[in-house]
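Residue-level structure breakdown
Here's the letter readout for the chains.
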Amino acid sequence: MKKLTQRPFMSFLINFLLILALLAIPASGVAKEASFKLSMPTEFIPAMDKDGSPQYITAEQIEKTLQHHSKGFKKLYWNKTIKHFILTRHGWLKELLAVYNIMLNDINVHAKADVWDCENFSSFLNALATVRIWKSGYYDTRGAIGWMRVDAKKEWAGLPPVMHALVFAVTEYGLLVIEPQNGQIVELKDYPNKEFIQEAFLF
Amino acid sequence: MKHPFTIKKICINLSVLIVFFGYTESHAADTMFLQKAPPPEIIAVSGKAKLLYGNFIRKQLQKRFPTLKTIVVGDKRYMFITEKWFKGVIDWTEYFITQQVPEIHQLENLPLAYEATFTMLMSNIANIAVSKRYSVNGSVLIGLMVAKSEKPWGAIQADGKPRQYVIGLTENGSMIYHIPTRQISTGKDFPNKDHTSGIIF
């Protein structure tokens, strides 16, 4: 009698352990070796006009703004076939920066001279943002997000005053300067090294 | 006395938890599962990475391409990679973009900023791979090149329009890759090398 009641339970336990083993294989076996998990920001959200349409800016307007604040500004490099650049909603930009930090932790990459330096931090973020904008169906434009070189004379965002690369973006709050290594944001007018911006890249 | 936590109950609860976490993880909108990029292959001489200085590269490019108006060389030192790995990173970059935007190759035209974005991703992906495997203070020399199409090249017509290419430095010299047509050539054999107007590394 005792044996009869134990059998269904034993069979359940064996089945359960079998399922558990099968579930564990992709996580610890071959699949984990060949692939990895990467965090990504959610769907791109543009800054909107009052009528609900996305806001855009031209490269000339961005160049003019940079020239206005920086006497030493030389050039904005941009793709002349792109007439308008879509503005990012501020909230999405902040999420992008937070997820970028998680993503770099996921892939365990750290600052290293030349091979992974401030230019890489900046240009990689710039390219990732563009891909996320495509994912939302904006193929005939590009984000008003780029990167720039600054011959910094003052410390900002915990980084020393040296030749440095940073990200810039235009949101509903205007042109912002971003330190991609720690996600700090400041409006261009309040950026302590604004007059030392040398060149910017919008492609 | 019957114990409230029988093995059977514990097993059922564990199953529910496994199914729940498996479900939430696989359906998280902010997570991607990617195949690993091919392992980096850099060129070494006497056990040390073969490096070129940024200033030297700038002078060489000016000499080789007299029509160059824009040269941007951002890093101090650059390394050579194998041609095989250069092609491997091209494939992986395309895979990375397609995983995020699967419909991209069904579009009539590629997005406007496609070539430059592809090149930036490719260069950074290559540098991430190198930085994780080797202890070298040098950047992979992968950049964006602009040249006017004065001479035909495979599927590309000689229409005089400027086109963007990926340029990389390998053991076989420079390699030029045109992303939309997937054509590849050595810098030496690239038909429009005399009409290059800009290179940005």
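Overview of the structure.

Cut-offs and rules
Starting afresh in each chain, residues are numbered from 1 along the sequence in its written order. Here every chain gets a letter starting at A, and every ligand a number starting at 1, in the order they are written. Side-chain atom pairs in this predicted model are given and counted only at pLDDT of 80 or more, local residue features only at pLDDT of at least 70, and totals for whole chains, interfaces and linings cover all residues. Neither water nor hydrogens contribute to the side-chain values; these are computed over all heavy atoms in the structure. By nonpolar core we mean a set of buried residues, namely Ala, Val, Leu, Ile, Met, Phe, Trp, Tyr and Cys, connected to one another through side-chain atoms within 4.5 Å. Using a 1.4 Å probe on the protein chains alone, a residue whose accessible area is under 20% of its type maximum counts as buried, one over 50% counts as exposed, and one in between counts as partly exposed. When checking whether two residues touch, look at their non-hydrogen atoms; a contact exists if any pair is within 4.5 Å. Under this scheme, a helix contributes an axis fitted over its contacting stretch, all axes are lines through C-alpha atoms, and angles between N-to-C directions fall in the 0 to 180 degree range. Helix numbering and strand numbering both begin at the N terminus, where a helix is a DSSP run of H or I of at least 4 residues and a strand a DSSP run of E of at least 2. Any angle that falls under 35 degrees is termed roughly parallel, while one over 145 is termed roughly antiparallel, one within 65 to 115 roughly perpendicular, and all others oblique. Each crossing gets its hand from how the near helix is turned against the far one by less than a right angle, where anticlockwise is left-handed and clockwise is right-handed. Space inside and on the surface of the protein is sampled on a 1 Å grid over the protein atoms alone, with a cavity defined as a set of points where a 1.4 Å probe fits but cannot get out and a pocket as an open set with protein on both sides within 12 Å along at least 5 of 7 lines; lining residues have an atom within 4 Å of a point. Grid points are joined across faces, edges and corners, and a volume is the space filled by probe spheres set on the points. For this classification, the nonpolar set comprises Ala, Val, Leu, Ile, Met, Phe, Trp, Tyr, Cys and Pro, the charged set comprises Asp, Glu, Lys and Arg, and every other residue, Gly included, is treated as polar. We call two strands paired when DSSP finds no fewer than two bridges between them. Pairs of N or O atoms within 3.5 Å make up the polar contacts considered here, provided that, within protein, one atom can donate a hydrogen while the other can accept it, and that residues adjacent in sequence are counted only when both atoms are side-chain atoms. By definition, the buried area sums, over both parts, the 1.4 Å-probe accessible area that each loses when the two are put together. The term salt bridge refers to a side-chain nitrogen of Lys or Arg lying within 4 Å of a carboxyl oxygen of Asp or Glu.

Structural notes on the nonpolar core
Generally speaking, nonpolar side chains in soluble globular proteins are found buried as a group. Of all hydrophobic cores here, the largest spans 72 residues; its most connected members are A:Y100, B:F96, B:F118 and B:L121. Excluding anything up to four places from it in sequence, B:L121 contacts A:F124, A:A127, A:L128, A:V131, B:T93, B:F96 and B:I97. A:A59, A:L66, A:A152 and A:W156 belong to the second largest nonpolar core, which has 29 residues in total.

A short note on the packing of helix 5 (residues 118–135) of chain A against helix 4 (residues 114–133) of chain B
At their nearest, the axes of helix 5 of chain A and helix 4 of chain B sit 9 Å apart, and the two run at 130° to each other. As the angle between them shows, helix 5 of chain A and helix 4 of chain B are arranged oblique. Note on packing geometry: the crossing formed by helix 5 of chain A with helix 4 of chain B is left-handed. For the pair helix 5 of chain A and helix 4 of chain B, contact is made by A:N120, A:S123, A:F124, A:N126, A:A127, A:L128, A:T130, A:V131 and A:W134 and by B:Y114, B:T117, B:M120, B:L121, B:N124, B:N127 and B:I128, respectively.

Things to note about the side chain of A:T58
Residue and element names in this part refer to chain A. Relative to the helices and strands, T58 resides in the loop between strand 2 (56–57) and helix 3 (59–69). Take T58: its relative accessible area is 18%, and that puts it in the buried class. Among all residues touching T58, those that are not within four sequence positions of it are K83, H84 and F85.

Considerations on empty space enclosed by the protein
Following the criterion strictly, the structure yields three cavities of 30 Å³ or more and no others. Considering the residues around the largest cavity, the lining is formed by 20 residues, among which A:S123, B:M120, B:S123, B:I142 and B:F201 are closest to the centre. Put simply, the parts of the chain that give the lining of the largest cavity at least two residues each are helix 5 of chain A together with helix 4, strand 7 (139–140) and strand 8 (142–148) of chain B. Top element by residues in the lining of the largest cavity is helix 4 of chain B. It accounts for six residues. Among the residues making up the lining of the largest cavity, the classes are represented as ten nonpolar, eight polar and two charged. Empty space within the second largest cavity amounts to approximately 60 Å³. If you go around the second largest cavity, the residues you meet are A:A152, A:K154, A:W156, A:L159, A:P160, A:H164, A:L166, A:E179, A:Y191 and A:N193. Classifying every residue of the lining of the second largest cavity gives six nonpolar, two polar and two charged.

Topic: the packing of helix 4 (residues 90–106) of chain A against helix 5 of chain A
Residues and elements named next belong to chain A. Contact geometry for helix 4 and helix 5: axes closest at 11 Å, N-to-C directions at 120°. The orientation of helix 4 relative to helix 5 falls into the category oblique. The chirality of how helix 4 crosses helix 5 is right-handed. Across from W92, L96, L97, Y100, M103 and L104 in helix 4, the residues of helix 5 making contact are N120, F121, F124, L125, L128, A129 and R132. Each residue belonging to the contact of helix 4 with helix 5 can be placed in one class, and the counts come to eleven nonpolar, one polar and one charged.

Section: the sheet that holds strand 4 (residues 51–53) of chain B
All names here are of chain B. An order of 4-6-7 is seen for the three strands of this open sheet, with the pairing classed as mixed. Both outer strands of the open sheet, strand 4 and strand 7, are each paired with one neighbouring strand and no more. Pairing of strand 6 (residues 77–79) with strand 7 involves two bridges; the strand directions are parallel. The partner of M79 across the bridge, within strand 7, is V140. Across the sheet, helix 2 (residues 54–64) is in contact with strand 4 and strand 6; its angle to strand 4 comes to roughly 75°.

Some remarks on the side chain of A:E199
Residues and elements named next belong to chain A. Mapped onto the elements, E199 comes out in strand 10 (residues 197–202). Only 3.5 Å separates the side chain of E199 from the side chain of Y77, close enough to count as a polar contact. Engagement of the side chain of E199 in a polar contact is seen with the side chain of R149, the distance being 2.7 Å.

Details of the environment of B:L112
Relative to the helices and strands, B:L112 is located in the loop between helix 3 (83–100) and helix 4. When residues no more than four places from it in sequence are discounted, the contact partners of B:L112 are A:N79, A:T81, A:I82, A:Y139, A:D140 and A:T141.

Focus: the interface of chain B and chain A
The partner chain A presents 51 residues to the 52 residues of chain B that form the contact. Across the chain B/chain A interface, buried area totals approximately 4500 Å², and carbon plus sulfur atoms make up 66% of it. Considering only the surface of chain B that becomes buried against chain A, B:Q100, B:L112 and B:M120 emerge as the three largest contributors, covering 14% of it. Across the pair B:R77 and A:D114 runs a salt bridge whose closest N-O atoms are separated by 3.5 Å. One can count 14 residue pairs in polar contact (both at pLDDT 80 or more) joining chain B with chain A.

Fair warning: the whole summary comes from geometry, so function is off the table for now.
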